[in-house]
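# Architecture at a glance
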Amino acid sequence: MKRPPSLKTLIFAIIMLILCLAIGYFEYTRARAGNARSWVYMFEWPFFGAFGIYIWWRLRNGDWE
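Read on for a plain summary of the structure.

Conventions we followed
- Residues numbered from 1 in each chain as written.
- Predicted model: local features only at pLDDT ≥ 70, side-chain atom pairs only at ≥ 80, totals over all residues.
- Heavy atoms only, no water.
- Helix = DSSP H or I, 4+ residues; strand = E, 2+ residues; numbered from the N terminus.
- Buried < 20%, exposed > 50% of the residue type's maximum accessible area, 1.4 Å probe, protein only.
- Phe/Tyr/Trp six-rings, centres within 6.5 Å; stacked < 30°, edge-to-face > 60°.
- Axes fitted to C-alpha atoms, helices over the stretch in contact; angles between N-to-C directions.
- Parallel < 35°, antiparallel > 145°, perpendicular 65-115°, else oblique.
- Nonpolar A, V, L, I, M, F, W, Y, C, P; charged D, E, K, R; others polar.

Once that is clear, we can look at the environment of Ala-50. Among the secondary structure elements, Ala-50 is positioned in helix H2 (residues 38-61). A relative accessible area of 42% places Ala-50 in the partly exposed class. Along the primary structure Ala-50 and Ile-18 are separated by 32 residues, whereas in three dimensions their C-alpha atoms are 9.8 Å apart.

What follows is the structure, encoded as structure tokens:
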């Protein structure tokens, strides 16, 4: 029988989400300063953070095989 993810896993996922959002904001400031490539990274980092929460949610509900 598989165990659901622990509270430590949730805390780790939330910390990673916050970190990814902070990096996204950092890339936003770089993009506003003229770095064209940072516009893509500005959207990419929050997506990575949200994807981590999505994976945690799937593991929590037992949808993962």
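On we go.
Okay, the packing of aromatic side chains next. Applying the stated rule across the entire model yields 7 aromatic pairs. A ring pair is formed by Tyr-25 and Tyr-28, whose centres lie 6.3 Å apart and whose planes are at 35 degrees; its orientation type is tilted. Separated by 3 residues within a single helix, Tyr-25 and Tyr-28 lie in helix H1 (residues 7-32), roughly one turn from each other. Given a relative accessible area of 57%, Tyr-25 falls into the exposed group. Tyr-28 gets classed as partly exposed once you look at its relative accessible area, which sits at 32%. Measuring from centroid to centroid gives 6.3 Å for Trp-56 and Trp-57, while their planes differ by 55 degrees, and the two rings are tilted. Judged by relative accessible area, Trp-57 falls into the partly exposed class, the value being 44%. Cluster of aromatic residues (ring-pair linked, three or more members): Trp-45, Phe-47, Phe-48, Phe-51 and Tyr-54.

Axis separation between H1 and H2 bottoms out at 7 Å; the angle between their running directions is 170 degrees. By the criterion of interaxial angle, the relationship of H1 to H2 is roughly antiparallel. For the contact of H1 with H2, the per-class residue count stands at 18 nonpolar, 4 polar and 3 charged.

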